[in-house]
2 protein chains.
Amino acid sequence: MSQPSSYKVLVPADELHQFVESLFLKGGFAPAHAADAANVLMYASRRGVDTHGIRNVLPIYFRQLEAGQLNVAPNFHIEHETPVSARANGDSGLGLAAGCWGMRLAMQKARQSGIGMVSMHNSYHYGAAGYYPWLAVQEELIGISMTGRIYAGGAEYGVPPTFGAKAMFSTNPLSISFPTQNEPPYVFDMATSVVPFNRITMMRDAGQSIPPGWGVTADGSPSTDPGEVAQVLPLGGNREQGGHKGYGLATMVTVLCNLLSGGWAGLYDNDPQAFEGFKLPNDGHFFAAFRVDLFRPLAEFKEGMDAMIRALHASPKLSGHDRIYVAGEIEHETEIQRLHDGIPVTETVFDNFVELAERYDVALPW
Amino acid sequence: MSQPSSYKVLVPADELHQFVESLFLKGGFAPAHAADAANVLMYASRRGVDTHGIRNVLPIYFRQLEAGQLNVAPNFHIEHETPVSARANGDSGLGLAAGCWGMRLAMQKARQSGIGMVSMHNSYHYGAAGYYPWLAVQEELIGISMTGRIYAGGAEYGVPPTFGAKAMFSTNPLSISFPTQNEPPYVFDMATSVVPFNRITMMRDAGQSIPPGWGVTADGSPSTDPGEVAQVLPLGGNREQGGHKGYGLATMVTVLCNLLSGGWAGLYDNDPQAFEGFKLPNDGHFFAAFRVDLFRPLAEFKEGMDAMIRALHASPKLSGHDRIYVAGEIEHETEIQRLHDGIPVTETVFDNFVELAERYDVALPW
């Protein structure tokens, strides 16, 4: 997890949460959608996933809102469903709210049918992929979420396929959660690229250089200058180090999010340029939830998870390292610390919030 | 995919298939299990996945058989099931046959309920993970398979967690398939480590050195000597390059294969050493299959897959590269070539087969 290298103020989580929710309300979103948005963003900021938290309020969500890209009063709806599945439409709405709606639908089907899967198109940026499986694990369900975008004609920023010189995917993350007994819930959340793109933007803002192997310029040359890096490599990096696996995972995410939900509908017919007509420029999501007792009693499973985690903790360490972590553990400890100390707000985010507070007439939380 | 750098003979696929099946029959396996075993191994060898094909007949399957590890007459059975799921027991039998049985069960549930998921314990090495999703895609189902092993007390060979000095996982691969229209089926199959362990063994046998970044010695030191490398790093390599993601994927595979199927049963009770009692030393598997029409009409989806693949093919290439591949494509082309030319049999495999042919009284295929 990235911690901001410096920050301007520490703000109590409750007050920051209230501020963010009020901003979305004053921005014109329905109360339920504003509440969802604040929940998703504050989840990330409480847990140290700063790439996906409150830093994105202005540069992603309010910029899209003010540009008229977002439908502020969307009708999230089901286009096709079975007891175990749904294809859903985000109606060009706020991804943070569409995502919560989609995950809740998957969870409802899981409670009724054992498993529920939802593939949703026509949505926007849904924040931290981990939030949705974390919702499922609150009800002791196994949860899965992914969000994908494919640029049928290539894009300036994103992730190229192995041997490719142009971005074809977004960083297409995937996340899965497993319930535990006494250990923090296991919540694994990864971009299928080496790093998420926001990490590079944050390091650029902080005046830092990035490690070799993360990214390349628009023409495919390796670079450590975050201002110049346009493409993030797939997880694994180059072909020899397994980058084709990150590319394969990015493709899998896109198929489940963008293709199952309706991508390239009706465009085939031997047209070699069919890809230019790709009809899903927005984000697609995939959500799944299923019950542990489809396989074995929940209590036994949770005890097994704890035992596995203890075995990993107890395993021998490389010299220079005194802990082995499991997914969700650092975030859990960060959350405890930040609920005590407050959430760090960087200079850039501070300035963004001053600007938005004035524009939308919301009292600042400091 | 690895092509053998040299081989001793090229053998027609049909004759090699018959030879391998006869070996398993004479080894004492039931005819249906011998047929499954030959199907899985020849799938890999036809498609150039030489790490997981006929090279393993002696060093994995017959060595385990002759050591008395394998139950030659297993009763694969369901321990718990619902219309969408099953926990199954491989009865210490041949993983190649147990895997086929488990995947067929998942597919049968998918045909009846839309989706089927099977978590199976007490099995052995099941060959190439991709074979099972490939079975599903023959019936136009989306298929998933994973195989996992966790070493609760650490192991000499395998994959360490990030910051760990001892192997805790096997290379825990995962695979997924998607049906296509005119393009070869999309079959993605990856170890969650940088490379599968067999790749290192093959390069050792061929007298080659391995690239930096793949593995470390038993005490955690980086090495390019395949004779000395005991641990393969998780996909991504070190922490900075995203190795914690490969570690997270390995953990996910283990939970779905080893924990859902019953791992660490009844061993909790605040015993800090509970991990020593881990009761699933063998391989666990996870299989899933689901119908595309849970979400959208199959024909539309397949046309979309073809359009996506064409878009990836058409995207700009890095200099020095004239093609961009999608998963399963190189294997598909290799299969066409090898069905025409024959399957390459290396010196080591040739000698293994001469030995086995004599011991089990089976005619050599050359």
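Since the structure is predicted, the reported quantities are computational estimates derived from the model, not experimental observations.

**Some thoughts on the overall build of chain A**
Then, in step 1: When helices and strands are counted, chain A shows 10 helices and 14 strands.
Then, in step 2: For 366 residues, the compact-globule formula gives about 21 Å, and the C-alpha radius of gyration of chain A, at 20 Å, lands near that figure.
Then, in step 3: Structurally, chain A occupies a C-alpha span of about 60 × 50 × 50 Å along its principal axes.
Then, in step 4: Buried positions account for 61% of the 366 residues belonging to chain A.

**Details of the interface of chain A and chain B**
Then, in step 1: Counting residues at the interface gives 72 residues for chain A and 71 residues for chain B.
Then, in step 2: Where the side of chain A that touches chain B is concerned, the elements lending two or more residues are strand 2 (77–82), strand 3 (85–89), strand 4 (115–123), strand 6 (150–155), strand 8 (174–178), strand 9 (186–190), helix 7 (243–259) and helix 8 (298–314) of chain A.
Then, in step 3: If one sorts the elements of the side of chain A that touches chain B by residue count, helix 8 of chain A sits on top with 12 residues.
Then, in step 4: When its residues are assigned to classes, the side of chain A that touches chain B shows 41 nonpolar, 21 polar and 10 charged.

**What to know about the sheet that holds strand 13 (residues 283–291) of chain B**
All names here are of chain B.
Then, in step 1: Spatial ordering of the open sheet is given by 2-3-4-13-5-8-9, a layout of 7 strands whose pairing is mixed. Edge positions in the open sheet fall to strand 2 (77–82) and strand 9 (186–190), since each of these has one partner strand only. Each strand of the sheet is rotated relative to its neighbour by a mean of 10 degrees, with strand direction disregarded.
Then, in step 2: Here 4 bridges tie strand 5 (residues 141–148) to strand 8 (residues 174–178), and the two strands are oriented antiparallel to one another. Bridge pairing in strand 8 links serine 145 to serine 175.
Then, in step 3: On the sheet, helix 4 (residues 95–113) packs against strand 3 (85–89), strand 4 (115–123), strand 5 and strand 13 and is oriented at approximately 160 degrees with respect to strand 4.

**A word on the pairing of strand 13 (residues 283–291) of chain A**
Residues and elements named next belong to chain A.
Then, in step 1: Burial of strand 13 is extensive: 9 of the 9 residues sit out of reach of the surface.
Then, in step 2: Along strand 13, one buried face is formed by Asp283, His285, Phe287, Ala289 and Arg291 and the opposite face, lined by Gly284, Phe286, Ala288 and Phe290, is buried too.
Then, in step 3: Of the pairings in the sheet, the one linking strand 5 (residues 141–148) to strand 13 comprises 8 bridges and is antiparallel in character. From the neighbouring strand, glycine 143 faces strand 13, where its bridge partner is alanine 289.

**A word on the relation of the copies chain A and chain B**
Then, in step 1: Turning chain A through 180 degrees and shifting it by 0.0 Å along the axis lays it on chain B, with an RMSD of 0.0 Å. The transformation just described matches what one would write down for a two-fold rotation axis. Of every C-alpha in chain A, the one belonging to Gly236(A) sits nearest the axis of rotation, 2.2 Å from it.
Then, in step 2: Here 97% of the contact residues of chain A are again contact residues in chain B; the copies associate through an equivalent surface.

**With respect to helix 10 (residues 347–360) of chain B**
Residues and elements named next belong to chain B.
Then, in step 1: With 14 residues, helix 10 extends 20 Å from end C-alpha to end C-alpha; this agrees with the ideal 20 Å at 1.5 Å per step.
Then, in step 2: Among the residues making up helix 10, those that are buried are Val349, Phe353 and Leu356. In a view along the axis of helix 10, the buried residues occupy a sector of 70 degrees, so they form one face of it. Along helix 10, exposed side chains directed more than 90 degrees from the buried face belong to Val354, Glu355 and Glu358.
Then, in step 3: If you follow the buried residues of helix 10, they end up packed against helix 1 (13–26), helix 3 (57–66) and strand 14 (343–345).

**Focus on the pairing of strand 3 of chain A**
Residue and element names in this part refer to chain A.
Then, in step 1: A large share of strand 3 lies buried, amounting to 4 of its 5 residues.
Then, in step 2: Note: strand 2 against strand 3, 5 bridges, orientation antiparallel. Within the sheet, the bridge partner assigned to glutamate 81 lies in strand 3 and is alanine 86.
Then, in step 3: Here strand 2 folds back onto strand 3 in antiparallel fashion, the turn holding 2 residues.
Then, in step 4: Pairing of strand 3 with strand 4, which is carried by 5 bridges, proceeds in the parallel orientation. Following the sheet pairing, arginine 87 is matched in strand 4 by serine 119.
Then, in step 5: In terms of handedness, the path from strand 3 via helix 4 (residues 95–113) over to strand 4 forms a crossover that is right-handed.

**Re unusual backbone geometry**
Then, in step 1: At Asp361(A), a position not held by glycine, the phi torsion is positive, near 55 degrees.
Then, in step 2: Although it is not a glycine, Ser92(B) sits at a positive phi angle of roughly 55 degrees.
Then, in step 3: C-beta crowding within 10 Å serves as the criterion here: with 16 such atoms nearby, Ser92(B) is assigned to the partly exposed category.

**What about the confidence of the model for chain A?**
Then, in step 1: Looking at chain A as a whole, the pLDDT averages 92, with 94% of positions reaching at least 70.
Then, in step 2: Predicted complex metrics record ipTM = 0.96 and pTM = 0.96.

**What about the sheet that holds strand 12 (residues 231–232) of chain B?**
Residues and elements named next belong to chain B.
Then, in step 1: Here we have 3 strands laid out as an open sheet, ordered 11-10-12, and antiparallel in their pairing. For this open sheet the edge positions go to strand 11 (222–223) and strand 12, each flanked by a neighbour on one side alone.
Then, in step 2: Bridging between strand 10 (residues 215–216) and strand 12 involves 2 bridges; their strand directions are antiparallel. Residue valine 216 lies in a different strand from strand 12, and its bridge partner there is glutamine 231.

**Section: the environment of Ala311(A)**
Then, in step 1: Mapped onto the fold, Ala311(A) is located in helix 8.
Then, in step 2: Along the primary structure Ala311(A) and Ala218(A) are separated by 93 residues, whereas in three dimensions their C-alpha atoms are 44 Å apart.

**Considering the environment of Tyr151(A)**
All names here are of chain A.
Then, in step 1: Tracing the backbone through its elements, the reader meets tyrosine 151 in strand 6.
Then, in step 2: The spatial distance from the C-alpha of tyrosine 151 to the C-alpha of proline 234 is 15 Å, given a sequence separation of 83 residues.
Then, in step 3: Here tyrosine 151 is in contact with Gly158, Ala167 and Met168, once residues within four sequence places are set aside.

**So, the packing of helix 1 (residues 13–26) of chain A against helix 2 (residues 31–46) of chain A**
Residues and elements named next belong to chain A.
Then, in step 1: Where helix 1 contacts helix 2, the two axes come as close as 8 Å, and the packing angle between them is 140 degrees. Judged by the inter-axis angle, helix 1 sits oblique to helix 2. For helix 1 against helix 2, the interelement crossing comes out right-handed. Together, Ala13, Leu16, His17, Val20, Glu21, Phe24 and Leu25 of helix 1 and Pro31, Ala34, Ala35, Ala37, Ala38, Leu41, Met42 and Arg46 of helix 2 make up the contact between the two elements.
Then, in step 2: Here the residues of the contact of helix 1 with helix 2 sort into 12 nonpolar, 1 polar and 2 charged.

Reading guide: rules and limits
- Residues numbered from 1 in each chain as written.
- Chains lettered and ligands numbered in written order.
- Predicted model: local features only at pLDDT ≥ 70, side-chain atom pairs only at ≥ 80, totals over all residues.
- Helix = DSSP H or I, 4+ residues; strand = E, 2+ residues; numbered from the N terminus.
- Rg over C-alpha atoms; globule rule 2.2 N^0.38 Å.
- Buried ≥ 20, exposed ≤ 12 C-beta atoms within 10 Å, placed from the backbone.
- Contact = placed C-beta atoms within 7 Å.
- Nonpolar A, V, L, I, M, F, W, Y, C, P; charged D, E, K, R; others polar.
- Pairing = 2+ DSSP bridges.
- Axes fitted to C-alpha atoms, helices over the stretch in contact; angles between N-to-C directions.
- Least-squares fit on C-alpha atoms with pLDDT ≥ 70 in both.
- Expected span 1.5 Å × (residues − 1).
- Arc of directions from axis to C-beta.
- Right-handed = clockwise from strand over helix to strand, strands pointing away.
- pLDDT = per-residue confidence, 0-100.
- Parallel < 35°, antiparallel > 145°, perpendicular 65-115°, else oblique.
- Left-handed = near helix turned anticlockwise from the far one by under 90°.

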